[in-house]
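Chain residues, written in single-letter form:
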Amino acid sequence: MPAPIRTPFLALACAGLLLLGVTACGDSASTDDTAAAPASDKKITLYSGRSESLIKPLLEKFTQQSGITVEVRYAGTAAMASQLLEEGEKSPADAFLAQDAGALGAVAKKGLFAPLPADVVAKVPQHYRASSGQWVGVTARSRVLVYHPDLVPAAQLPASVFDLTGPAWKGKVGVAPTNASFQAFVTAVTVQHGAAKAKEFLAGLKANDPQVREGNAPIVEEVDAGKLAVGLVNHYYLGEIAHERGTTPEKMKAKLHFFPNGDTGALVNVAGIGVLKKAVQDPDVKTFVDYLLGTEAQTYFTEKTYEYPVVSGVPAPAYAPALDTLKAPAVDLNDLDQLEATIKLIKESGLVP
């Protein structure tokens, strides 16, 4: 089966994320902490920025075990976030499952989420959750450089993602600028080094004749086939494509290079969940969030989507280095909520029409 589609359309993202500056999204609302918790009605409404092929099997397991029906709306993460911002307090959504921390932060910034219960927040390490407690990571993923060792020997791999704008890499680098993970990476460059550096990097990348693709999966497939030397992707795509082909990541020709020394190219981001204010006391929603952070769901993500678990007691995918050994950049995921500015930078660079 094809790899799960995780790429939001840039046009939708741009149109929707402009709402960040102009749409009133319920800042005046307040949560009545004294109100009694609603009774269970055995159903919740989920807005999912993660694809149906990826999430549906897990939701079916949850419903079978809990008896709670999950009504889902699927779209790209940025498009789903923009829909939430447009709907505001009138949204039918109870929770938002997003591909990256930036989209969760954008929704939280507009006051749509409520702080999650303390026992939920405590399950996730501090680095992988909102400082406000309004969202938590569900899985983690590292940005990497996927490469073909016959085209790029390991000794020639770049020490920094910024090296890819050099002449040695002209025409050799695959990128997916409409992908939410690429956008989050560019936001991290801005956070860590400033907007001028991000603009310079994007301009250098564009001038170096990058091979633009619509998503990470095509980049990994082309690298594995020897049609492309390297590409900027998330680590788990190699595992997913190997599984799709009935093999293992170790047997693939494509290999992963984790940028060293805290380089921005090694950003570790999360997929995560936030709960809307109206639903934060709903026992069915609480049961669902607990399930996502439980052993069964965390193992599912590790074994089926090859992501990193964010709770203790669940091993990482065998082919990837342990999460706590990665030399990730010192970027606070709470600061990745500058999506509108990032999309503007990417468009201005010419990486997309």
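Nothing here was measured: the structure is a model prediction, and the numbers come from that model. (Residues numbered from 1 in each chain as written. Predicted model: local features only at pLDDT ≥ 70, side-chain atom pairs only at ≥ 80, totals over all residues. Heavy atoms only, no water.)

Brief notes about helix 4 (residues 77–87)
Most of helix 4 is tucked away: eight of the 11 residues are buried. Of the residues making up helix 4, those classed as buried are T77, A78, A79, M80, A81, S82, L84 and L85. Immediately downstream of helix 4, the backbone of G88 shows phi near 60°, a positive value. (Buried < 20%, exposed > 50% of the residue type's maximum accessible area, 1.4 Å probe, protein only. Helix = DSSP H or I, 4+ residues; strand = E, 2+ residues; numbered from the N terminus.)

Digging into the confidence of the model for the protein chain
Detail in the predicted coordinates should be disregarded across regions flagged by low pLDDT. Per-residue confidence for the protein chain averages 89 on the pLDDT scale, and 90% of its residues sit at or above 70. Across residues 1–34 the pLDDT falls below 50, and counting only partners more than four positions away or on other chains, this stretch makes 79 contacts in the model. (pLDDT = per-residue confidence, 0-100. Contact = heavy atoms within 4.5 Å.)

Quick notes on the pattern of salt bridges
By the definition in use, this model includes 12 salt bridges. Here K123 and D290 are joined by a salt bridge, their closest N and O atoms 3.0 Å apart. With K123 in the loop between helix 6 (118–121) and strand 4 (135–147) and D290 in helix 11 (residues 283–292), this pair connects stretches of sequence that are 167 residues apart. The partner of R245 in a salt bridge is D224, with the nearest N and O atoms 2.7 Å apart. Here D224 lies in helix 9 (residues 216–224) and R245 lies in the loop between helix 10 (236–244) and strand 8 (255–257), a separation of 21 residues in the sequence. The exposure class assigned to R245 is partly exposed, which follows from its relative accessible area of 41%. Since its relative accessible area comes to 12%, D224 is described here as buried. Here the salt bridges share partners, and the residues they tie into one network are D119, K123, K286 and D290. (Salt bridge = Lys/Arg side-chain N within 4 Å of Asp/Glu carboxyl O.)

Quick look at unusual backbone geometry
The phi angle at K42 is positive, at roughly 60°, despite the residue not being glycine. Here K42 falls in the partly exposed class, since its relative accessible area comes to 41%. We note that Y306 has phi near 65°; this positive angle belongs to a residue other than glycine. Examined against the element boundaries, Y306 turns out to sit in the loop between helix 12 (295–304) and strand 10 (308–309).

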